Amino acid sequence: MSPFLSRDLEISPIGAFIDPPQPRDRAIITHGHADHARAGHGAVLATPDTIAIMQTRYGADAAGTWDPLPFGERREVDGVTISLHPAGHILGSAQVLLEYRGQRIVVTGDYKRLADRTAQPFELVPCDLLVTEATFGLPVFQHPHPADEIARLLRSVAAYPQRAHVVGCYALGKAQRVISLLREGGYDAPIYLHGAMLRLCDLYVERGIPLGDLRPSLDVPKAGLAGQIVIAPPSAIKDRWSRRLPDPVLAVASGWMSVKQRARQSGVELPLVISDHADWNELRQTITETGANTIWVTHGREDALVYWSQQQGLAAEPLNIEAYEDGPEDDGGDGE
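How each quantity is defined
- Residues numbered from 1 in each chain as written.
- Predicted model: local features only at pLDDT ≥ 70, side-chain atom pairs only at ≥ 80, totals over all residues.
- Heavy atoms only, no water.
- pLDDT = per-residue confidence, 0-100.
- Contact = heavy atoms within 4.5 Å.
- Core = buried A, V, L, I, M, F, W, Y, C linked by side-chain atoms within 4.5 Å.
- Buried < 20%, exposed > 50% of the residue type's maximum accessible area, 1.4 Å probe, protein only.
- Helix = DSSP H or I, 4+ residues; strand = E, 2+ residues; numbered from the N terminus.
- Pairing = 2+ DSSP bridges.
- Axes fitted to C-alpha atoms, helices over the stretch in contact; angles between N-to-C directions.
- Right-handed = clockwise from strand over helix to strand, strands pointing away.
- Left-handed = near helix turned anticlockwise from the far one by under 90°.
- Parallel < 35°, antiparallel > 145°, perpendicular 65-115°, else oblique.
- Nonpolar A, V, L, I, M, F, W, Y, C, P; charged D, E, K, R; others polar.
- Disulfide = S-S within 2.5 Å.

Caption draft 1: Region of interest: the confidence of the model for the protein. Per-residue pLDDT for the protein has a mean of 90; in total, 91% of the residues score no lower than 70. Scored below 50 in pLDDT, residues 1-16 makes 35 contacts in the model with residues more than four places away or belonging to other chains.

If you want it as structure tokens, here you go:
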């Protein structure tokens, strides 16, 4: 019997058991990033991919029991029906649908709507109450198409064959997406990885995501990396590790790279605006298309999205929940 099938499950305090910041007897985990998934829960309900990610990162004993729930399957817990639906954020990422007495509540977790070969495609889930993230919930955040950003990277590689291009991105989700985008863009040369990237890239390949020829960067002499692309955690491109690269072009792949001042302060020569979150337009589109009449906004820039929703005649307010501290840059963070 599922460890979730008990009589004391409460529907009201959503934040208490979906991506809880502290260990709980039972937890529903939307995805494997460190600001949503932690070790120490008594029981974890999540998609099979998210469980595989958590076990890879934290160990098979990181939870008392693991309860896999594939996308679209329904689980009844004390009269509440729970199902998970693709969020498109990273591999295995899920929105949580709660159905109770004819009401439908969707908690999005982190999500994006653009197609991505490294994540199951976003599924719109109609509901009455939508709890949406708002990481990029300001009108200024309107992301370019990622293929155009990859084309900029490839033009730079062609223009500077004597230099290595090191792309800083999170080890979980963003690294695999950048690699996949490079392959879609026609780049079939080996891609070199910082050691922190190897384990999770291997997991993606094991889970059926093709990434092409990947090689550890430490196995190559400095001169051999000229003209090559190296993927590394953002923290690594600023430390001693990067000194072994020949005259590196420093790039970072993140939605935050649309903030030019942030890129300059970080010493980024080639900012790549590649986000794994919905931008302003996609957030508004999702709110409209779900048909929800009540909107709770959390995990980001709440005020603008709450105001816009209220202007549409919706009952909207910010949802203040006890949140995780951001994970370190090389540990996954929120994917940005």
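Caption draft 2: Molecular detail of the nonpolar core. In this structure, Leu153, Val167, Val178, Leu182, Ile229, Ile231 and Leu272 are the most contacted members of the largest nonpolar core, which totals 34 residues. Put simply, the parts of the chain that give this core at least two residues each are helix H1 (48-58), helix H2 (146-159), helix H3 (174-184), strand E10 (191-193), helix H4 (195-206), strand E12 (229-232), strand E13 (249-253) and strand E14 (270-272). Ignoring sequence-local partners within four residues, the contact set of valine 178 consists of Ile150, Val167, Cys169, Ile231 and Ala253. Membership of the second largest hydrophobic core comes to 21 residues, among which are Leu97, Val125, Ala292 and Ala316.

Caption draft 3: Structural context of the sheet that holds strand E1 (residues 26-28). Spatially, E1-E2-E3 is the arrangement adopted by the three strands of the open sheet, whose pairing is parallel. The strands lining the two open edges of the sheet, one partner per strand, are E1 and strand E3 (65-68). Each neighbouring strand pair of the sheet contributes to a mean axis angle of 20°, computed without reference to strand direction. Across four bridges, strand E2 (residues 43-46) lies against E3 in parallel orientation. Residue pairing across strands places valine 44 opposite tryptophan 66, the latter belonging to E3. H1 contacts E2 and E3 of the sheet and is inclined by roughly 150° relative to E3.

Caption draft 4: Looking closely at the pairing of E2. Neither face of E2 is open: one carries Ala43 and Leu45, the other Val44 and Ala46, and all of them are buried. Relative to E2, E1 is paired through three bridges, and the arrangement is parallel. Each bridged residue has a counterpart across the sheet, and for arginine 26 the counterpart in E2 is alanine 43. In this region the chain leaves E2, passes through H1 and returns to the parallel neighbour E3; the handedness of that crossover is right-handed.

Caption draft 5: Region of the structure containing the packing of H3 against H4. Where H3 meets H4, the closest approach of the two axes is 10 Å, and the angle between their N-to-C directions is 65°. As for the relative orientation of H3 and H4, their crossing is right-handed in sense. Note on element contacts: H4 touches H3 through Met197, Leu200, Cys201 and Tyr204, opposite Ala175, Gln176 and Ile179.

Caption draft 6: Just the packing of H1 against H4, in detail. Where H1 contacts H4, the axes come no closer than 11 Å and their chain directions differ by 155°. Relative to H4, the element H1 is oriented roughly antiparallel. Viewed along their axes, H1 and H4 form a crossing whose handedness is right-handed. Where H1 abuts H4, its residues Ala52, Ile53, Thr56 and Arg57 lie against Arg199, Leu200 and Leu203. Residue classes in the contact of H1 with H4 are distributed as four nonpolar, one polar and two charged.

Caption draft 7: Representation of the state of the cysteines. In this structure the tally under the stated criterion is zero disulfides. Of the cysteine sulfurs around cysteine 201, a residue in no disulfide, the closest is that of cysteine 169, at 8.6 Å. A residue is classified by how much of its surface remains accessible, and cysteine 201, at 1% relative accessible area, is buried.

Caption draft 8: Spotlight on the environment of alanine 62. With respect to the helices, strands and loops of the structure, alanine 62 is situated in the loop between H1 and E3. The spatial distance from the C-alpha of alanine 62 to the C-alpha of glycine 40 is 5.6 Å, given a sequence separation of 22 residues. In this view, alanine 62 contacts Ala39, Gly40 and His41; residues no more than four positions away in its chain are not counted.

Caption draft 9: Structural context of the sheet that holds strand E16 (residues 315-318). The strand order across the open sheet built from seven strands is E4-E5-E6-E7-E8-E15-E16, with neighbouring strands paired in mixed fashion. Of all the strands in the sheet, just strand E4 (74-77) and E16 have a single pairing partner and so form its edges. Pairwise comparison of adjacent strand axes, ignoring direction, gives a mean angle of 20° for this sheet. With respect to the sheet, helix H6 (residues 280-290) is in contact with strand E8 (129-134) and strand E15 (294-300), its orientation differing from that of E8 by roughly 175°. The strands touched by helix H7 (residues 302-311) within the sheet are E8, E15 and E16, with E15 carrying the most contacts at an inclination of about 165°.

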